[in-house]
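Chain and residue survey
Residues per chain are reported as follows:
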Amino acid sequence: MSRRLVVTAIIATSAILFSACGGSDTANSAATADTAAVAAPGIAFPSDEPSDQADVSFAQDMIPHHSQAVEMATLALDRSTNPATLDLAARIQGAQDPEIQKMRGWLVGWGEEEMSSDMEGMDHSSMAGMMDDAEMAALSNATGPAFDALFVDMMIRHHQGAITMAETVLSDGTDPEVLALAEAIIAAQAGEITEMQGLQLGQ
């Protein structure tokens, strides 16, 4: 065999071997990619799959709690002429309406109902800081400085209840988003309580 033929044969053999090795690496890479693709959907993110019922209960309870605060704030915006009351009511409405929507989104993502079966027909006034029907009627019927004083008194108690609920989920909950909201509620509403306690309304 001529020298040229030997060299050609060696080159051809090397190309075949190189191709085989490369094919193996490619196959291994593809298999790794496939495995990663299969594993990825199984990753559980905290906001999609709560690991503690405390997170769910917090959202289910805080939605009606926030809703009553928004109702009171809306009433104040309609009835009051006091700049301090109007400013406070606007901030409460502006903060708590989006938080209600956030919590509703969590419940949908978790596959949970907004109202659990044991909450159906429940008197929400039993929740910390919630006003009963008589108190809400009294606020609706109040006018002038008396309205402002009653609104502030009721909202202080309402905020104190929300802080209690937030502190409970900080102790028992696990979802980072829930815990972050609880901390935000405590910070914002504690500040508003201090603000309201400094107001001299109806005096």
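Quick summary incoming for the structure in this document. All values derive from a computational prediction rather than experimental measurement. Throughout this document, residue positions are counted from 1 along each chain, in the order its sequence is written. Since the coordinates come from a predicted model, pLDDT governs what is reported: local features require at least 70, and pairs of side-chain atoms require 80 or more to be given and counted, while whole-chain, interface and lining totals use all residues. Note that the side-chain values use all heavy atoms of the structure and ignore hydrogens as well as water.

**Topic: the overall build of the protein chain**
This is how the line gets drawn: Counting from the N terminus, the helices are DSSP H or I runs at least four residues long and the strands are E runs at least two residues long. In this scheme, a residue with accessible area under 20% of its type's maximum is buried, one over 50% is exposed, and one in between is partly exposed, where area comes from a 1.4 Å probe on protein chains only. Between two residues, a contact is recorded if the distance between any of their heavy atoms is within 4.5 Å. To be clear on the numbers: accessible area is Shrake-Rupley with a 1.4 Å probe, and residue cover counts the displayed protein chains and nothing else.
Counting secondary structure elements, the protein chain contains six helices and zero strands. Its helices and strands taken in sequence order, the protein chain reads α-α-α-α-α-α from the N to the C terminus. Looking at the protein chain as a whole, 33% of its 203 residues qualify as buried. Contacts spanning at least 24 positions in sequence make up 77% of the contacts within the protein chain whose residues lie at least 6 apart. When the accessible area of the protein chain is evaluated, it comes to approximately 11,300 Å², of which 58% is carbon and sulfur surface.

**A short note on the pattern of salt bridges**
To keep it simple, the criterion reads: Put simply, a salt bridge is a Lys or Arg side-chain nitrogen that is within 4 Å of an Asp or Glu carboxyl oxygen.
As enumerated under the stated definition, the model contains six salt bridges in all. Among the ionic pairs, Asp78 bridges to Arg79, the shortest N-O distance being 3.7 Å. Residue classification places Asp78 among the exposed positions, given a relative accessible area of 60%. Several salt bridges converge on common partners, so that one network encompasses Asp87, Arg91 and Glu195.

**Focus on helix α3 (residues 83-110)**
Applicable threshold: A helix's residues, less one, multiplied by 1.5 Å, set its expected span. As used in this structure description, the phrase polar contact means that two N or O atoms lie within 3.5 Å; if the pair is within protein, one of them must be able to donate a hydrogen and the other to accept it, and residues adjacent in sequence are counted only when both atoms belong to side chains.
Spanning 28 residues, α3 covers 41 Å between terminal C-alpha atoms, matching the ideal 40 Å at 1.5 Å per step. Among all positions in α3, only Thr85, Leu88, Ala89, Ile92, Gln96, Glu99, Ile100, Met103, Trp106, Leu107 and Trp110 are buried. Looking at the buried side of α3, the elements it contacts are α2 (53-79), α5 (144-172) and α6 (176-197). Measuring from the side-chain oxygen of the N-cap residue of α3 to the backbone nitrogen of Ala84 gives 2.8 Å; that N-cap residue is Asn82. In the segment just after α3, Gly111 is the residue with positive phi, at about 75 degrees.

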